[in-house]
Amino acid sequence: MARSLPHPVALRALVERFGGVVQPEGADPPIVRLAPLASARSGDLSFLAAPRHRASAGGTHASAVIVSAELSPALAPDVVRVVVDDPLAHFGRVARWFEHVMEGDAPQPGIDPSASVSPRAVLGAGVRIGAHCVIEDGVVVGDDCSIGAHTTLARGVRVGAASVVHANVSVYRDCTLGARCIVHSGTVIGSDGFGFAREHGRWSKIPQLGTVVIGDDVEIGANCAIDRGALEDTVIGDGCKLDNLIQIAHNVRIGEHSALAGCVGVAGSAVIGRRCMIGGGAGILGHLEICDDVVVSAMSLVTRSISEPGFYSGVFPLMPNARWERSATIVRRLPELRDRVRTLEQAVRGAPMDSSDEQGED
Amino acid sequence: MARSLPHPVALRALVERFGGVVQPEGADPPIVRLAPLASARSGDLSFLAAPRHRASAGGTHASAVIVSAELSPALAPDVVRVVVDDPLAHFGRVARWFEHVMEGDAPQPGIDPSASVSPRAVLGAGVRIGAHCVIEDGVVVGDDCSIGAHTTLARGVRVGAASVVHANVSVYRDCTLGARCIVHSGTVIGSDGFGFAREHGRWSKIPQLGTVVIGDDVEIGANCAIDRGALEDTVIGDGCKLDNLIQIAHNVRIGEHSALAGCVGVAGSAVIGRRCMIGGGAGILGHLEICDDVVVSAMSLVTRSISEPGFYSGVFPLMPNARWERSATIVRRLPELRDRVRTLEQAVRGAPMDSSDEQGED
Amino acid sequence: MARSLPHPVALRALVERFGGVVQPEGADPPIVRLAPLASARSGDLSFLAAPRHRASAGGTHASAVIVSAELSPALAPDVVRVVVDDPLAHFGRVARWFEHVMEGDAPQPGIDPSASVSPRAVLGAGVRIGAHCVIEDGVVVGDDCSIGAHTTLARGVRVGAASVVHANVSVYRDCTLGARCIVHSGTVIGSDGFGFAREHGRWSKIPQLGTVVIGDDVEIGANCAIDRGALEDTVIGDGCKLDNLIQIAHNVRIGEHSALAGCVGVAGSAVIGRRCMIGGGAGILGHLEICDDVVVSAMSLVTRSISEPGFYSGVFPLMPNARWERSATIVRRLPELRDRVRTLEQAVRGAPMDSSDEQGED
């Protein structure tokens, strides 16, 4: 559960700081915690941002709810509201302030004595280096960064100001992170791309001489793997958000402000545009290009370039297993099924074969 | 290969300890090792628990075999059997005893001098803290726990008694593990959920203020990522077993005794019931609910709530690639194919359109 | 970007070392860097190995290009070529030499003072042990190995000569790596297999007493998980290449020189042959066997044994989401659709039902 503030804050103080219109006017309950509608109690501030939460809105015991004018009627009449244009974004700003207040006991800047920091590394002001960190020669860490315990920044790595690298992260030599990045535990940045030449049935390694370049304001989740480029760099644009367990292969380029959900795999040299959203577990084959503003649904496989913005899917529908087995059997025999339909059409009305059948694309 | 015991043990001693009926009566071969039927030699104890292993059963050279009365005939007449109700569970108990005997050389309790342990952490009796561990302020580790090398327990983490956290695990602040849990290397518990608000095409972070609460007797495999909740907690019930490389997003709740195979991804706020089994690589979308006793086959995507116990699948059948290409082309044009069938029906017998076609659900 | 050599090298010197025919004869530009065709500048050596890069070949500014006689015409007439049989393999050899020259500043052999190395471990000549490594009792590390920071080699682990284990790798007790292996950060080798017996709706653990045996010349990417066997060993054959985030379950056996792309999951006791190639995100179910020389396309699920070499696929085709929804609805109702076609056939020409419909297999 979210922790409570050490001392309550007046709702009015929050509204003065973050905006919004309080209804009924003048209401000013003390707020000690943030909570979801369903479990909120007296003293909690909650929010209603999506129609799907309407159900839990009616009976909430929150002392106040951040809501849009549109969804406001879903709340009981006597509930105090803070009416705003974008409840989720507004709640996010409030929550960041709560987090900041509660982090009063956060670790202070400084270098843990157990860390191994090269004298040839450059650390900015206000930097925190956690226990057992390894900071090698030529590393540059910007002001106000926090590097978690057991994290390794290899030779020549650069981290921009105010970035947070959590515990147990491995960054290989010469890779670059921008400013205000967040990297979660277990993530590996700059491992060798999967590059081999096949000779006489054996694989010989192609050295991976590029690096990884990560822009500003990028967040990368836990246990991701982002490979260095073969000759050029693997590039992740400003503002991208990657969830957990994501694979980014060598030479991939991802445009600004794209978001990849958990377990996505992107193969070598794929290019993803700006503001794309890739659903969880989706796969993107190599050497193809996805334009800006494309949405790919969860667990779809992108097998060719996409040049039109839009929402794309490719998933076999879930069904009871017995039914799946029957459908799967027929799917295997679809070419025959189509041929039978054509024959019938001709028998019934000598219809010409529908040439569109030959089009593999939509 | 499984190692051998330092000294042989009499089969009778194992039967006295763990039960079962020896056939032929009085047979008492010395046992030094556990081995599968196919590779077992004299001195080995094996087991036959699944019909699919019948084939290798006939010719086994094991000195004794744990088997059910039902499968016993699959063994050669002269093979010594230990007949039990549940051969696999029985074998598991025997194997745990073997493991215990062989672990005589296991590391002793105590704190490795290279570990960084906060004076404000509380360690129970018989606790082992491995090399270079980081145990921060306010951590509580129960009696008889073993914490592997390089593992980080951040501020306020609690680990129940007799739990084993292997090397290189990262547990973020305030997360809780129950008693007798096992967590394998590389796993991350409590990383931030994937929560962002989109404003003007950019993402702003929603702080993740909840934690992760893991019940008793939970095992979590290697390189999993379990995110903390946004406001409430991510909850994994007692007795759950998670394999490797599993993604659990924020606010997910998993009921008691469910098992998730490798590479499963569960999206935010999904609820999974008790005793469910989720096949490897399956995906579960967010904000849906799966009832108790549901089995989902490997690599299926659960796109809506499931309210009936049962076995569900959604996977495109594997076929030679040339055939797949033909089938895939037709799958893209299925709506047209169905329309052609309807037209034919009407031409042949003016049949009314089968309204069931309009039902998307089963 | 790939770094430049400290000093230029004459193209002729590279040709003398690695072979190839320079055209025009006698051309000998100085080379300082390796670069792809599209971004190459004067002083860069590039290569053209795949027809798909023809487009960028025509306008390259590289000082020289490694190319086959067949693709040579794709380059502008005045570009200096090094004509070879296998441009990719040839380029790989040149790149390894570049890498070697540039690694002049690589870390020297020796044991970092912050490492925890058991006096009962055996380290070969020229071994490098990184900061904070943990090398437990009975470990044997061959000559010229490099073990990265924070890596843990548990009791009894053996690593063959000239292997490179990068930072933050966890190898559980008694596992074995061959010679000249490369293991990338975050990978876990030897974690417990997912073995449980179900009793009365609860899971009891089956100890995993086997180990992991990895052959020579194996490369394993970042954040993989390779479980130890239950009784026998999990085996990865000589020359296998595994990409990132791959799951290998207990008792799996992979034949020599097979390659698995990122995010592949292989379930327990599966056997994969020699020289197989498994596409990214593919899944292989347990207790089945894939013969030599099989190629499985990305994100396919192998649900049964494959006994014929060849290329297999099982992926639902990607389409615009609206169209996918219509197709998915019909896929669920395919058994009805097939029945309607049969009825029509009989109505039209009393055709006998196509018995091939009953064949689930191809």
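Since the structure is predicted, the reported quantities are computational estimates derived from the model, not experimental observations.

1. Details of the overall build of chain A
Item 1. Along chain A, the regular secondary structure elements total five helices and 40 strands.
Item 2. Taking 362 residues into account, the globule formula puts the C-alpha radius of gyration at 21 Å, and chain A, at 27 Å, lies well above it.
Item 3. If you line up chain A on its principal axes, its C-alpha atoms span 80 × 65 × 35 Å.
Item 4. In chain A, buried positions account for 60% of the 362 residues.
Item 5. Considering only contacts within chain A whose residues lie at least 6 apart along the sequence, 19% involve residues at least 24 apart.
Item 6. Taken as a whole, chain A presents about 13100 Å² of accessible surface, with 54% of it coming from carbon and sulfur.
Item 7. For chain A, the distance from the average position of its 33 positive side-chain charges to the average position of its 41 negative side-chain charges is 5 Å.

2. What to know about unusual backbone geometry
Item 1. The omega angle of the peptide bond from Gln23(A) to Pro24(A) is -5°, so this bond is cis rather than trans.
Item 2. Relative to the assigned elements, Pro24(A) resides in the loop between β2 (21-23) and β3 (30-31).
Item 3. At His150(A), a position not held by glycine, the phi torsion is positive, near 65°.
Item 4. You can see His150(A) is positioned in the loop between β14 (146-147) and β15 (152-153).
Item 5. For His150(A), a relative accessible area of 0% corresponds to the buried category.
Item 6. Here Asp217(C), not a glycine, exhibits a phi torsion of approximately 60°, which is positive.
Item 7. Inspection of the secondary structure assignment puts Asp217(C) in the loop between β24 (212-214) and β25 (219-220).
Item 8. Judged by relative accessible area, which is 29%, Asp217(C) ranks as partly exposed.

3. Things to note about the sheet that holds strand β32 (residues 265-266) of chain C
All names here are of chain C.
Item 1. One open sheet holds the ten strands; their spatial order is β9-β12-β15-β18-β21-β26-β29-β32-β35-β38, and the pairing between them is parallel. This sheet does not close on itself; its edge strands, each paired only once, are β9 (116-117) and β38 (301-302).
Item 2. Pairing analysis gives two bridges linking strand β26 (residues 225-227) to strand β29 (residues 247-248), with the strands arranged parallel. When the bridges of β29 are listed, Ala 225 appears paired with Gln 247.

4. Quick word on the relation of the copies chain B and chain A
Item 1. For these two chains of identical sequence, chain B goes onto chain A by a turn of 120° and a shift of 0.0 Å along the axis, with RMSD 0.0 Å. On the angle and the small slide along the axis, the relation comes out as a three-fold axis. Minimal C-alpha distance to the rotation axis in chain B is attained by Phe316(B), lying at 3.3 Å.

5. A look at the interface of chain B and chain A
Item 1. With 83 residues of chain B at the interface, the matching set in chain A holds 88 residues.
Item 2. A combined buried area of about 6900 Å² lies between chain B and chain A, and 59% of that area is made up of carbon and sulfur atoms.
Item 3. Here chain B and chain A share five salt bridges between them.
Item 4. Note that Glu345(A) and Arg340(B) form a salt bridge whose closest N and O atoms lie 2.8 Å from each other.
Item 5. Seen at the junction of chain B and chain A, the total is 32 residue pairs in polar contact (both at pLDDT 80 or more).
Item 6. Looking at the side of chain B that touches chain A, the elements that each hand over two or more residues are β21 (188-191), β22 (196-199), β23 (202-205), β26 (225-227), β38 (301-302), β39 (310-313), α4 (321-332) and α5 (334-349) of chain B.
Item 7. Counting residues per element, the side of chain B that touches chain A draws most heavily on α5(B), at eight residues.
Item 8. Residue composition of the side of chain B that touches chain A, by class: 38 nonpolar, 27 polar and 18 charged.
Item 9. Strand direction decides the pairing type here: strand β40 (residues 319-320) of chain A and β39(B), joined by two bridges, are antiparallel. Within the sheet, the bridge partner assigned to Pro320(A) lies in β39(B) and is Tyr312(B).

6. Section: the pattern of salt bridges
Item 1. By the definition in use, this model includes 51 salt bridges over all chains.
Item 2. Two residues, Arg180(A) and Asp217(A), come together in a salt bridge whose shortest N-O distance is 2.7 Å. Here Arg180(A), found in the loop between β19 (176-177) and β20 (182-183), pairs with Asp217(A), found in the loop between β24 (212-214) and β25 (219-220); they are 37 residues apart in sequence, far enough to count as distant.
Item 3. Note that Asp174(B) is salt-bridged to Arg173(B), the shortest N-O span being 3.1 Å.
Item 4. Taken together, the salt bridges that share partners define one network made up of Glu256(A), Arg274(A), Arg275(A), Asp292(A) and Asp293(A).

7. With respect to the side chain of Thr152(B)
Item 1. Secondary-structure assignment places Thr152(B) in strand β15 (residues 152-153).
Item 2. Taking relative accessible area as the criterion, Thr152(B) reaches 4% and is therefore assigned buried.

8. Focus: the side chain of Asn244(A)
Item 1. Here Asn244(A) is to be found in the loop between β28 (241-242) and β29 (247-248).
Item 2. Not counting residues within four places of it along the chain, the set of residues in contact with Asn244(A) comprises Gly221(A), Ala222(A), Cys224(A), Gly262(A), Cys263(A), Ser191(B), Ala225(B), Asp227(B) and Gln247(B).

9. Structural notes on the confidence of the model for chain A
The predicted structure's coordinates, where accompanied by low pLDDT, should not be read in detail.
Residue and element names in this part refer to chain A.
Item 1. Looking at chain A, pLDDT values average 94 and 96% of them are 70 or higher.
Item 2. When the criterion is pLDDT under 50, residues 352-362 qualifies, and its contacts beyond four places in sequence or with other chains add up to 24 contacts.
Item 3. Among the prediction metrics, the complex's ipTM stands at 0.94, with pTM recorded as 0.95.

10. A look at the pairing of β21(B)
Residue and element names in this part refer to chain B.
Item 1. Note that strand β18 (residues 170-171) and β21 share two bridges and pair parallel. Following the sheet pairing, Ser 170 is matched in β21 by Val 188.
Item 2. As paired strands, β21 and β26 are joined by three bridges and run parallel to one another. The residue of β26 that forms the bridge with Ser 191 is Asp 227.

11. Points about the packing of α5(B) against helix α4 (residues 321-332) of chain C
Item 1. Where α5(B) contacts α4(C), the two axes come as close as 8 Å, and the packing angle between them is 50°. In this view, α5(B) runs oblique relative to α4(C), as classed from their interaxial angle. Counted together, Leu334(B), Pro335(B), Glu336(B) and Arg338(B) of α5(B) and Arg323(C), Arg326(C), Ser327(C), Ile330(C) and Val331(C) of α4(C) form the full contact between these two elements.
Item 2. Looking at the contact of α5(B) with α4(C) residue by residue, the class counts come to four nonpolar, one polar and four charged.

12. Description of the sheet that holds strand β6 (residues 64-67) of chain A
Whenever strands of a sheet pair, they do so through backbone hydrogen bonds, lying parallel or antiparallel.
Residue and element names in this part refer to chain A.
Item 1. Taken in spatial order, the five strands of this open sheet run β2-β7-β6-β5-β4, and their pairing is mixed. With partners counted over all chains shown, the strands left at the sheet margins are β2 and β4 (33-34), one partner each.
Item 2. Where β4 and strand β5 (residues 44-48) come together, two bridges link them in parallel fashion. By the bridge assignment, Arg 33 is partnered in β5 with Asp 44.

13. Describing the interface of chain A and chain C
Item 1. On the chain C side, the residues contacting the 83 residues of chain A number 88 residues.
Item 2. Carbon and sulfur atoms make up 60% of the area that chain A and chain C hide from each other, which totals about 6900 Å².
Item 3. At the junction of chain A with chain C, the criterion picks out five salt bridges.
Item 4. One salt bridge in this structure joins Arg93(C) and Glu199(A), with 3.0 Å as the shortest N-O distance.
Item 5. The interface formed by chain A and chain C holds 32 residue pairs in polar contact (both at pLDDT 80 or more) in total.
Item 6. Mapped by element, the contributors of at least two residues to the side of chain A that touches chain C are β21 (188-191), β22 (196-199), β23 (202-205), β26 (225-227), β38 (301-302), β39 (310-313), α4 (321-332) and α5 (334-349) of chain A.
Item 7. The element that contributes the greatest number of residues to the side of chain A that touches chain C is α5(A), accounting for eight residues.
Item 8. Considered class by class, the residues forming the side of chain A that touches chain C number 38 nonpolar, 27 polar and 18 charged.

The rules behind these values
- Residues numbered from 1 in each chain as written.
- Chains lettered and ligands numbered in written order.
- Predicted model: local features only at pLDDT ≥ 70, side-chain atom pairs only at ≥ 80, totals over all residues.
- Heavy atoms only, no water.
- Helix = DSSP H or I, 4+ residues; strand = E, 2+ residues; numbered from the N terminus.
- Rg over C-alpha atoms; globule rule 2.2 N^0.38 Å.
- Buried < 20%, exposed > 50% of the residue type's maximum accessible area, 1.4 Å probe, protein only.
- Contact = heavy atoms within 4.5 Å.
- Areas by Shrake-Rupley, 256 points an atom, 1.4 Å probe, with all protein chains shown as cover.
- Lys, Arg positive; Asp, Glu negative; His and termini not counted.
- Charge placed at Lys NZ, Arg CZ, Asp CG, Glu CD.
- Pairing = 2+ DSSP bridges.
- Least-squares fit on C-alpha atoms with pLDDT ≥ 70 in both.
- Buried area = accessible area lost by both parts, 1.4 Å probe.
- Salt bridge = Lys/Arg side-chain N within 4 Å of Asp/Glu carboxyl O.
- Polar contact = N/O pair within 3.5 Å; in protein donor to acceptor, adjacent residues only side chain to side chain.
- Nonpolar A, V, L, I, M, F, W, Y, C, P; charged D, E, K, R; others polar.
- pLDDT = per-residue confidence, 0-100.
- Axes fitted to C-alpha atoms, helices over the stretch in contact; angles between N-to-C directions.
- Parallel < 35°, antiparallel > 145°, perpendicular 65-115°, else oblique.

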